[in-house]
Amino acid sequence: MKTARKSILVMGLVMTAMLMIANPLLAEDKKAPMKLVSVKADTAITLDAMAEKAWDKATALEVKLDQLPYEPNNGYNGIRETTVKIKSLYDDKYVYFYLQYADPTQSLERFPWIKQADGSWKQSIKKDSTGHDNTYYEDKLGMYWEINKVKGFKKKGCAVSCHLTEEGLNNGIADTSAGRKYTNKPGETIDMWHWKSVRTGPLGMFDDQFVDDNTDPKANKNWGRHGDVKTGGGYKNNFNADKTGPAFMNSPYSEKDKYWVLPELKAKFVDTFKAGDVVPGIVITPFTGHRGDIKVQSAWKDGQWTLEVKRALTTTGDKAEIQDVQFSDMAKTYYFGISVFDNSQINHVYHEGSIGMTFK
């Protein structure tokens, strides 16, 4: 009787294997991209990080992020797993995204200056062996879109262009960073939408960047990662000429803008502060040009970030064809990946594989 049952089990396994060989789709099913459907909006969308009735029409895709690229030598206290819920709508001009994910801490203390008891100023920094911070930084989210066909992107997603440094070398070049972003062949480019809760979030925009195949740090210190063409704006670290204290402050003081200096409040630093007071570590200005193409309103409440995002379906102008994904073909599937940074400079949680977005 046992022999008969064993024979049946073996036959079943053999038949399953034969079916998988006969139909490769069965064998690859677990590796198939997740699917997001962008639905035509019936009414106008207002960016306010709140789900108006129009969003009821879209179905949310849940993407579990549970992979970390590296373990910092001085510790990492950020989230190691979260799930991003994402919806998409579009109209005749724009595509929209509504994203929500759990993050128990709202992290905004990016290298702040703290007044010391002796009257000096100290900037809060705790970098790891790769030169990056996982303690005094900001929350971020990245969306990573294939522009020109990138070999392996459909299967591997973000990971296809993330190259870890091993034994002090990256692509044969000495490097102390944990890893670098670059594509593997000339002509391959990826559109990187990077929301930064301190540097761009207060201004209502993403940092629009792209990745190409550059591996020469002399040509670009960030290897294959570049900012899109801009005509102005950006962010700069807030320190004086000898880097002993801040150069600017908000005037009047704003508790809401405690960790960034805004253009309309920017004033030359005057030290009338007491011990323990905080001055921002960053000065921010809205991007103009293509680097500011992506608009967003973001809000953190009850342990959850909500982002409502808007970008033109197609962009035009200088280098748009190699720096921006173009949603010009409503019959096409557009592949992307997503990642979340919890108070971390480069360490992040991500998912394996890609997501395929279609329009309906």
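For the structure given in this document, a descriptive report is provided here. Because the structure is predicted, anything quoted here is derived from the model rather than measured.

**Quick notes on the packing of aromatic side chains**
Applying the stated criterion to the full structure yields 19 aromatic pairs. Measuring from ring centre to ring centre gives 5.4 Å for Trp 55 and Tyr 98, while their planes differ by 40 degrees; the resulting arrangement is tilted. Note that Trp 55 is positioned in the loop between strand E1 (34-40) and strand E2 (61-65) and Tyr 98 in strand E4 (residues 94-102), a separation of 43 residues in sequence. Judged by its relative accessible area of 0%, Trp 55 is buried. The buried category is assigned to Tyr 98, whose relative accessible area is 8%. Relative to Phe 273, the ring of Trp 121 lies with its centre 5.6 Å away and its plane at 85 degrees, an arrangement referred to as edge-to-face. Residue Trp 121 is found in strand E6 (residues 121-123), and its partner Phe 273 is found in the loop between strand E17 (266-268) and strand E18 (278-279); the two are separated by 152 residues along the sequence. A single burial state applies to Trp 121 and to Phe 273, both of which are buried. Here the aromatic residues Tyr 90, Phe 97, Trp 145, Trp 193, Phe 327, Tyr 334, Phe 336 and Phe 359 are joined through ring pairs into a cluster of three or more.

**Details of the nonpolar core**
The nonpolar side chains of a soluble globular protein tend to be buried, and buried together. Counting 35 residues, the largest nonpolar core has Phe 97, Leu 99, Leu 141, Met 143, Trp 145 and Phe 327 as its most contacted members. Elements with a minimum of two residues in this core: E2, strand E3 (82-90), E4, strand E7 (140-146), strand E12 (190-196), strand E21 (304-312), strand E22 (334-341) and strand E24 (355-359). Excluding anything up to four places from it in sequence, Trp 145 contacts Phe 97, Phe 153, Ile 190, Asp 191, Trp 193, Val 325, Phe 327, Tyr 334, Tyr 335, Phe 336 and Met 357.

**So, the pattern of salt bridges**
Under the counting rule described, the total for this entry stands at 14 salt bridges. A salt bridge links Glu 81 to Lys 64, with the nearest nitrogen and oxygen atoms 3.8 Å apart. One end of the pair, Glu 81, is in the loop between E2 and E3; the other, Lys 64, is in strand E2, and 17 residues separate them in sequence. By relative accessible area, which is 49% here, Glu 81 ends up partly exposed.

**Some points on unusual backbone geometry**
Of the consecutive residues Ser 251 and Pro 252, the connecting peptide bond is found in the cis state with omega at 5 degrees. Structurally, Pro 252 can be placed in the loop between strand E16 (248-250) and E17. The phi torsion at Phe 111 lies on the positive side, around 50 degrees, for a residue other than glycine. Here Phe 111 is to be found in the loop between E4 and strand E5 (113-115). For Trp 223, which is not glycine, the phi dihedral falls at a positive 55 degrees. Mapped onto the elements of the fold, Trp 223 is located in the loop between strand E13 (207-211) and strand E14 (225-227).

**Points about the layout of surface pockets**
By volume, the largest pocket amounts to about 1400 Å³. In terms of lining, the largest pocket is formed by 46 residues, of which the most central are His 132, Asn 222, Arg 225, Gln 345 and Ile 346. Breaking the lining of the largest pocket down by element, the ones donating at least two residues are E7, strand E8 (162-164), strand E11 (179-181), E12, E14, strand E15 (230-237) and E22. If one sorts the elements of the lining of the largest pocket by residue count, E7 sits on top with 4 residues. Residues that form the lining of the largest pocket fall into these classes: 18 nonpolar, 18 polar and 10 charged.

**Observations regarding the pairing of E7**
Among the 7 residues that make up E7, 7 are buried, leaving the element largely enclosed by the rest of the structure. Here E7 shows a buried face lined by Lys 140, Gly 142, Tyr 144 and Glu 146 and a second buried face lined by Leu 141, Met 143 and Trp 145. By the bridge criterion, 7 bridges tie E7 to E12 in an arrangement that is antiparallel. Looking at E12, one finds that Tyr 144 is bridged to Met 192. Where E7 meets E22, 6 bridges bridge the pair, whose relative direction is antiparallel. Bridged to Gly 142 within E22 is Ser 339.

**Quick word on the environment of Gly 245**
Relative to the helices and strands, Gly 245 is located in the loop between E15 and E16. Taking C-alpha positions, Gly 245 is 7.8 Å from Ser 120, a pair spaced 125 residues apart along the chain. Setting aside residues no more than four positions away along its own chain, Gly 245 makes contact with Trp 113, Trp 121, Asn 238, Phe 239 and Asn 240.

Conventions we followed
Residues numbered from 1 in each chain as written. Predicted model: local features only at pLDDT ≥ 70, side-chain atom pairs only at ≥ 80, totals over all residues. Heavy atoms only, no water. Phe/Tyr/Trp six-rings, centres within 6.5 Å; stacked < 30°, edge-to-face > 60°. Helix = DSSP H or I, 4+ residues; strand = E, 2+ residues; numbered from the N terminus. Buried < 20%, exposed > 50% of the residue type's maximum accessible area, 1.4 Å probe, protein only. Core = buried A, V, L, I, M, F, W, Y, C linked by side-chain atoms within 4.5 Å. Contact = heavy atoms within 4.5 Å. Salt bridge = Lys/Arg side-chain N within 4 Å of Asp/Glu carboxyl O. 1 Å grid on protein atoms, 1.4 Å probe; cavity = no way out; pocket = protein on both sides within 12 Å on 5 of 7 lines; lining within 4 Å. Points joined across faces, edges and corners; volume = space filled by probe spheres on them. Nonpolar A, V, L, I, M, F, W, Y, C, P; charged D, E, K, R; others polar. Pairing = 2+ DSSP bridges.

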